[in-house]
Amino acid sequence: DQPFAAPIMTPAEPRIILNGFFGPGLIAELLSNKYQYHLPFHRQHQLILQRYGIDIPESTMYEAAAKVSEEVRIIIGRMKDRILADGVVACDEPSNAR
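Residues numbered from 1 in each chain as written. Predicted model: local features only at pLDDT ≥ 70, side-chain atom pairs only at ≥ 80, totals over all residues. Heavy atoms only, no water.

Okay, unusual backbone geometry next. For residues that are not glycine, phi is negative in most cases, and the peptide bond is trans in most cases. Even without glycine at this site, H38 takes up a positive phi of about 55°. One can find H38 in the loop between helix 1 (24-35) and helix 2 (41-52). (Helix = DSSP H or I, 4+ residues; strand = E, 2+ residues; numbered from the N terminus.)

What follows is the structure, given as structure tokens:
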């Protein structure tokens, strides 16, 4: 008798939410639906449940959005630092815009 060897598994891809199941595609869909198409999470919850039979709680969607917001804040801060480092910022807005 030869003993069975343990299965070899590849590491899981990194996720924005630790131990979460949201991949980048699902997060992109949820956030673009919310912010680009103005579809609130409670409506997205209903649609996903009706279309796919998957119950993703609204609270989970909110948590995902908050986590992405935290991660993006770092990128936006670095972009702002680089823009302001030049000393001159050009924009298309009229001078009286707020």
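After presenting the structure, the write-up continues.
All told, the structure shown has one aromatic pair when counted by the stated rule. Measuring from centroid to centroid gives 4.9 Å for F41 and Y62, while their planes differ by 90°, and the two rings are edge-to-face. Of this pair, F41 sits in helix 2 while Y62 is found in helix 3 (residues 58-85), placing the two residues 21 residues apart along the sequence. Among the residues examined, Y62 registers a relative accessible area of 46% and is labelled partly exposed. Cation over ring: K34 sits above Y35, and NZ or CZ is 5.5 Å from the ring centre. (Phe/Tyr/Trp six-rings, centres within 6.5 Å; stacked < 30°, edge-to-face > 60°. Buried < 20%, exposed > 50% of the residue type's maximum accessible area, 1.4 Å probe, protein only. Lys NZ or Arg CZ within 6 Å of the ring centre and 35° of its normal.)

Moving on, we come to helix 3. Compared with an ideal rise of 1.5 Å per residue, which puts 28 residues at 40 Å, helix 3 spans 40 Å between its outermost C-alpha atoms and is within 8% of the ideal. Among the residues of helix 3, M61, A64, A65 and V68 are the ones counted as buried. Within two residues after helix 3, G87 carries a phi angle of roughly 90°, on the positive side. (Expected span 1.5 Å × (residues − 1).)

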